[in-house]
Amino acid sequence: MMNYEPDPPPPAASTPAIHADDLTVTRGPRTVLHHLRFTVPRGRITGLLGPSGCGKSTLMRAIVGTQAKVTGTLDVLGHPAGHPTLRSRIGYVTQAPSVYDDLTVRQNLDYFAAILDPGRAAADRRHQHVTRAIADVDLTRHADALAGNLSGGQRGRVSLAVALLGTPELLVLDEPTVGLDPVLRRDLWQLFHDLAATRGTTLLVSSHVMDEAERCHRLLLMREGEFLAGGTSRPEAGGDTPDALRTRTGTDTVEAAFLRLVDEATAGRTKESTR
Ligand SMILES: Nc1ncnc2c1ncn2[C@@H]1O[C@H](COP(=O)(O)OP(=O)(O)OP(=O)(O)O)[C@@H](O)[C@H]1O
Ligand SMILES: [Mg+2]
């Protein structure tokens with residue numbers, strides 16, 4: 001397991017990057033997220049962890065403003081989620097990479113850069129941003145390859161490069177490391193830490209692989225649309241640290257802590273139903 005040096009404290013900000021209270025989402029006939037209350041601190045990496053189908057992608061979609069039927073409070077960078085001013089301040093990478101297969105890596109980025117920062121006068125700036133984003137995700141050697149000819153992991157990194165183009169304050173990454181080999185996974189986590197430490201970027205990263213939790217500053221552990229840990233009424237708290245979670249549950253790993261919390265929640269429910 002890689003250990004990271006603690007990053008320096010982020011610049012003081014009066015509000016958390018994300019603040020939710022009584023956040024509920026229904027999809028079709030089902031309530032998928034139940035009265036969530038949580039904060040995500042600025043300039044930190046917060047892991048959103050939980051098993052398949054628990055509601056991670058739904059929560060991320062609500063945060064970036066693309067999810068219907070959201071009720072309760074959800075403030076993002078000081079505005080209600082989905083506010084038009086947030087568009088250029090948030091980078092979002094969906095679970096399925098969305099790139100054009102018939103364009104090269106650089107052409108894909110040029111295309112999205114032109115949408116973000118249009119006009120002939122911005123051409124030099126766009127070129128710089130595109131070159132930096134390609135380097136950030138370590139695809140410089142493949143810049144002229146067609147996206148359709150890349151591996152799954154490389155295509156995922158093109159999507160990530162697109163999200164990095166506008167130097168977003170908040171990066172929402174839905175399972176960015178699925179299907180990557182251990183070396184690439186380590187390099188991507190290093191990039192996430194660099195972004196938080198040097199650019200002050202806030203990252204919300206989902207995963208269902210519990211060992212990735214150890215690489216996050218803060219954790220939100222989700223199961224069946226509710227938080228087992230990390231959800232809080234104290235806005236300054238902003239999730240649990242991996243250490244706090246292990247200590248609180250008397251376990252050695254975040255995975256063991258998660259299982260302990262699942263057992264406790266199940267026991268609590270059984271008690272309630274037999275009352
Ligand atoms: N279009 C839809 N209509 C109704 N229910 C849906 C729809 N899409 C997803 N759901 C349900 O919402 C719940 C949460 O789904 P979501 O995609 O947010 O989970 P997830 O935690 O991201 O899972 P995974 O790890 O597999 O990506 C699931 O139980 C799923 O069945
Ligand atoms: Mg998902």
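See the structure shown above.
The following paragraphs examine the structure supplied in this document. (Residues numbered from 1 in each chain as written. Chains lettered and ligands numbered in written order. Predicted model: local features only at pLDDT ≥ 70, side-chain atom pairs only at ≥ 80, totals over all residues. Heavy atoms only, no water.)

Near ligand 1, the surroundings consist of 14 residues, among which S52, G53, K56, S57 and T58 are the closest. Note that an oxygen atom of ligand 1 is positioned 2.6 Å from one of the side-chain N or O atoms of S52. One nitrogen or oxygen atom from the side chain of E175 is found 3.1 Å from an oxygen atom belonging to ligand 1. For ligand 1, the protein covers 65% of the area, taking 640 Å² as the surface of the free molecule. Counting only elements with at least two residues in the shell around ligand 1, the list comes to β2 (30–40) and α1 (56–64). For the shell around ligand 1, the element with the most residues is α1, which contributes 3 residues. Considered class by class, the residues forming the shell around ligand 1 number 3 nonpolar, 7 polar and 4 charged. (Near = heavy atom within 4 Å. Polar contact = N/O pair within 3.5 Å; in protein donor to acceptor, adjacent residues only side chain to side chain. Areas by Shrake-Rupley, 256 points an atom, 1.4 Å probe, with all protein chains shown as cover. Helix = DSSP H or I, 4+ residues; strand = E, 2+ residues; numbered from the N terminus. Nonpolar A, V, L, I, M, F, W, Y, C, P; charged D, E, K, R; others polar.)

Strand order in the open sheet formed by 4 strands is β2-β1-β4-β5, with antiparallel pairing between adjacent strands. The sheet is open, and its two borders are formed by β2 and β5 (79–80), each paired with just one other strand. Relative to strand β4 (residues 70–76), strand β1 (residues 18–27) is paired through 6 bridges, and the arrangement is antiparallel. Within the sheet, the bridge partner assigned to D21 lies in β4 and is T73. Strands in contact with α1 are β1, β2 and β4; relative to β2, the strand with the most contacts, it is inclined by about 65°. (Pairing = 2+ DSSP bridges. Contact = heavy atoms within 4.5 Å. Axes fitted to C-alpha atoms, helices over the stretch in contact; angles between N-to-C directions.)

Quick look at the coordination of the magnesium ion (ligand 2) now. Donor atoms from the polypeptide that bind the magnesium ion (ligand 2) are S57 (OG) and Q95 (OE1), placed at 2.0 to 2.3 Å. Of this pair, S57 sits in helix α1 while Q95 is found in the loop between β6 (90–93) and α2 (105–116), placing the two residues 38 residues apart along the sequence. (Donors = N, O, S within 2.8 Å, 3.2 Å for Na, K, Ca; no water.)

The subject of this paragraph is the pattern of salt bridges. Counted according to the given criterion, the structure contains 13 salt bridges. With a closest N to O distance of 2.7 Å, R89 and E169 form a salt bridge. Taken together, the residues R89 in the loop between β5 and β6 and E169 in the loop between α4 (152–164) and β7 (170–173) connect sequence positions 80 residues apart. For E169, a relative accessible area of 32% translates into the label partly exposed. When the shortest N-O distance is used, the salt bridge between D243 and R246 registers 2.6 Å. Pair noted here: D243 and R246 are both in helix α6 (residues 242–249), with a separation of 3 residues, about one helical turn. (Salt bridge = Lys/Arg side-chain N within 4 Å of Asp/Glu carboxyl O. Buried < 20%, exposed > 50% of the residue type's maximum accessible area, 1.4 Å probe, protein only.)

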